[in-house]
Protein chains: 2
Amino acid sequence: MNPDPDYSAAYVVLRTDAGEGTAASEGHGFVFTIGRGNDVTAAAIRSLRPHVVGRPAPLTATELAALHRELTHDSQLRWLGPEKGVMHMAAGAVVNAAWDLAARQAGKPLWQFLAEMPPEELVELVDFRYLSDALTPEEALAILRAAEPGRAERAALLRERGYPAYTTSPGWLGYSDEKMIKLAQEAVSDGFGQIKLKVGSDLDEDLRRMRLAREAVGPDVRIAVDANQRWDVAEAVRWMSALAPYDPHWIEEPTSPDDVLAHAAIRAGQPVKVATGEHVANRVVFKQLLQAEAVDFVQIDAARVAGVNENLTILLLAAKYGLPVCPHAGGVGLCELVQHLAMFDYVAVSGSWEDRVIEYVDHLHEHFADPVVVESGRYRAPTAPGFSARMYPESIAAYRYPDGPEWRTRLAQPVSAQPVPASSVPAQPVSAPSAPAQPQEDHQ
Amino acid sequence: MNPDPDYSAAYVVLRTDAGEGTAASEGHGFVFTIGRGNDVTAAAIRSLRPHVVGRPAPLTATELAALHRELTHDSQLRWLGPEKGVMHMAAGAVVNAAWDLAARQAGKPLWQFLAEMPPEELVELVDFRYLSDALTPEEALAILRAAEPGRAERAALLRERGYPAYTTSPGWLGYSDEKMIKLAQEAVSDGFGQIKLKVGSDLDEDLRRMRLAREAVGPDVRIAVDANQRWDVAEAVRWMSALAPYDPHWIEEPTSPDDVLAHAAIRAGQPVKVATGEHVANRVVFKQLLQAEAVDFVQIDAARVAGVNENLTILLLAAKYGLPVCPHAGGVGLCELVQHLAMFDYVAVSGSWEDRVIEYVDHLHEHFADPVVVESGRYRAPTAPGFSARMYPESIAAYRYPDGPEWRTRLAQPVSAQPVPASSVPAQPVSAPSAPAQPQEDHQ
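These numbers were taken from a predicted model, which means no experiment stands behind them.

Each side of the interface is counted separately: chain A has 62 residues, and chain B has 63 residues. Across the chain A/chain B interface, buried area totals approximately 5200 Å², and carbon plus sulfur atoms make up 57% of it. Considering only the side of chain A, the residues that lose the most area to chain B are Q76, W79 and L80 of chain A, jointly responsible for 18% of the buried surface there. Our count for the contact surface shared by chain A and chain B stands at 6 salt bridges.

Here it is, written out as structure tokens:
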């Protein structure tokens, strides 16, 4: 469904005069896109300027709650969603930049900054509108309080062992059998307990690849499969029933991310567990996926919903329903962001990393000042202050559209050789670095 | 929920060299917004230019189907939805402009242009992806074929009598009791069989207004009520149970438009029928509202989903489930557009106008070259070719942001008196006229 990714991001920088000139005076955030849409997200972020520019930097839970509510409830902009798509992703970038700033001012990595907040403050961050049939403030508080006594012990364990990861590297549809097998075996020897394969293009082909992958990794390594929204209900049931003998760990995005009832029917209609979330628009749709028993794994994304506040809400919903959260990552900087959310979940919300894994894709980390560190199949807990969201100024300068040297070179080529530009965003205040696409068929 | 509307539109003009210089050489479409978001929708429309500019004008069902699919399945832009929010609304504006053009080239009003297409061509226009658990191509064809024999008779009846309308004019929350009563009585004497009141701010107040309105119009005029997404499930059930003795015809938008399960719970939990749709993102969510028996009335909107093709899809879904479609209108030009869809539904899809009404709000029609005509509580069938989407060039010139004289005057005022600008769109190819807000509290 995403055959032509040109990994891009609309990039937000919030600056404050507290500690001006130091790293702590800036908060960075972004919306990851896979190309042309970058212009549109940049316009959406620009439309939020009046809510942010010239205002005091939000540093406390109360202030961060107010910012989140103001951005998602601007009555004129809300018309464009409500709470979904471009406008919502833009709100998320700004909210995440504010959290980066607040955590930096506090001198803590975001996961720790969140995990040290009192339960009452965390509850204050949640917008409970439309949730009361599934989660009340009292229930949220009870969940957070139940996790409070074990926080310190789990934070220590997390720092010692890191958080479990899985890798999508062997799984792209375009790879030869030999390459897929080699990458699967490498993943296992690198310490990953789970890999993921793309499926959905051709069932016979998927059966063959699944068999080869299972032979390559043995019975104990989990193999998740990902259909990237390709199917209707009946097709998903047929396909996954056929793949089931190879013991897929989950089927990810079997159908439209809006289709709660279809996910429930697919889950009921075949034996493989169901995962979704990277394209789920907001907390209201996540709530229904849980209410309808439509999923087994909740896949949050850092740059789709309205930032840390809404992801905290989704973590609480998942905890209420007892389901594990396994973040979607990859793209531009998603690994960097989601690791904080999963680690915070472990320390202060669900209190568990059983059945939980963060996706890991090994690319574009070289552009980030605080890149993820994945060793022996686990994400090491970040120690640098902030949300790990900051790209190197050199990367932004090199890939900024349309004036960065990488783009100037491309745009100087004859028209027939030019890709459709991924962005045409003026430089300030939102710059839009666009990194070159990796040689892969499909976005995770 | 929409306390501060500044009625605006991102406006699209498609031009072709067939019949250049005549009215038939242009197709017009727009995304209605309530203010600041106009910039963002304009950017989204601009991002679709590569799919349209320089291509042959789509004039046949096959070509219009291809355009719709290309716009909604552009893999990079799809990332920003998928199929929801800003990007989807932008696709709708372009698709609608193409239909305006095609109907004008055919010399027919859109409702007639559609209603004269063979069932096979209409089915070709539908994107059935994600729908097969509710509606197959064969079922759609059967619905359309069943309506085919009566087309001519119903078209003649429609031209003779017009299509039933209802009015929201008495219903705004800011009106005094006297004004509300006077407008309600005027609506009845003007021939409307249904009016609508806004509710949801204060229950005692709503009970009083509902009682006064019922006394004013008598027991036989339907009074719909509209909560504009204000409630959670329990609140909606409590509120509507209290209002039920005054016999509200429907409760519109009781909660989040994404919340299929909440609508189902509200419908099951109190006696008043449920209506929603003006903010429903796409056909997949409409499908679920029908599958879950969550609504009694399907309220399509012309400028929220991906244009005529997706609305045809929703009409077919509603026909399959036997539910009446009652379009949302008002805003900028929505009455002009939706009348065609409802009339086409009557002639060639559902074949009925029982329990069906088109919303009518009497404002901003003076900017449209082919404005709606509502007489004795009914929309007269349009006779001019096209989709009635065209604004007068003088209106566009006067209200275009930021260079139209109306905006120049406003922007020359001292900063404290300036509204946040509703748009900052360069003039070509997308212009963004913004009409002044009406003195009403809330958008319908």
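Moving on from the coordinates now.
Bringing the relation of the copies chain A and chain B into the picture now. The operation relating chain A to chain B is a screw motion whose rotation component is 180°, with 0.0 Å of axial translation and a residual RMSD of 0.0 Å. The superposition operator between the copies reduces to a two-fold rotation axis. If distances are taken from each C-alpha of chain A to the rotation axis, the shortest is found for G85 of chain A, at 2.4 Å. Of the residues that chain A buries at the interface, 100% are likewise interface residues in chain B, meaning the two copies contact each other through the same surface.

Looking now at the environment of R356 of chain A. All names here are of chain A. Relative to the assigned elements, R356 resides in the loop between α15 (334-349) and β9 (358-360). A residue is classified by how much of its surface remains accessible, and R356, at 11% relative accessible area, is buried. Placed 101 residues apart in sequence, R356 and T255 show a C-alpha to C-alpha distance of 22 Å. If near-sequence neighbours (up to four positions away) are discounted, R356 is found in contact with Y163, P164, L323, P324, V325, C326, D345 and S350. Looking at R356, its side chain comes within polar contact range of the side chain of S352, at 3.2 Å.

The next point concerns helix α12 (residues 260-269) of chain A. Listed in full, the buried residues belonging to α12 of chain A are V260, A262, H263, A264 and I266 of chain A. Elements in contact with the buried residues of α12 of chain A: α11 (233-243), β7 (274-276) and α13 (283-291) of chain A together with α13 (283-291) of chain B.

Under the local residue numbering, the UniProt record ascribes the feature "domain: Mandelate racemase/muconate lactonizing enzyme C-terminal" (unreviewed entry) to residues 177-273 of chain A. Taken end to end, residues 177-273 of chain A is 51% helix and 15% strand, and its two terminal C-alpha atoms sit 26 Å from one another.

Of note, T22 of chain B is situated in the loop between β1 (8-15) and β2 (26-33). Note: C-alpha distance between T22 of chain B and R222 of chain B (200 residues apart in sequence) is 44 Å.

Turning our eyes to something else, we now look at the side chain of H367 of chain B. All names here are of chain B. Examined against the element boundaries, H367 turns out to sit in the loop between β9 (358-360) and β10 (374-375). Since its relative accessible area comes to 7%, H367 is described here as buried. For H367, the side chain forms a polar contact with the side chain of S395, separated by 2.7 Å.

Quick look at the packing of aromatic side chains now. Counted by the stated rule, this structure contains 28 aromatic pairs over all chains. Judged by centre distance (6.2 Å) and plane angle (15°), the rings of F192 of chain A and Y360 of chain A are stacked. One end of the pair, F192 of chain A, is in the loop between α9 (177-189) and β4 (194-198); the other, Y360 of chain A, is in strand β9, and 168 residues separate them in sequence. The class for Y360 of chain A is buried, based on a relative accessible area of 12%. An aromatic cluster of three or more residues is present, and its members are Y7 and F32 of chain A together with W79 of chain B. The ring of W79 of chain B has R304 of chain A sitting right over it, with the charged end atom 5.1 Å from the ring centre.

Parameters at a glance
- Residues numbered from 1 in each chain as written.
- Chains lettered and ligands numbered in written order.
- Predicted model: local features only at pLDDT ≥ 70, side-chain atom pairs only at ≥ 80, totals over all residues.
- Heavy atoms only, no water.
- Contact = heavy atoms within 4.5 Å.
- Buried area = accessible area lost by both parts, 1.4 Å probe.
- Salt bridge = Lys/Arg side-chain N within 4 Å of Asp/Glu carboxyl O.
- Least-squares fit on C-alpha atoms with pLDDT ≥ 70 in both.
- Helix = DSSP H or I, 4+ residues; strand = E, 2+ residues; numbered from the N terminus.
- Buried < 20%, exposed > 50% of the residue type's maximum accessible area, 1.4 Å probe, protein only.
- Polar contact = N/O pair within 3.5 Å; in protein donor to acceptor, adjacent residues only side chain to side chain.
- UniProt positions renumbered as here; feature names shortened; annotations may be inferred.
- Phe/Tyr/Trp six-rings, centres within 6.5 Å; stacked < 30°, edge-to-face > 60°.
- Lys NZ or Arg CZ within 6 Å of the ring centre and 35° of its normal.

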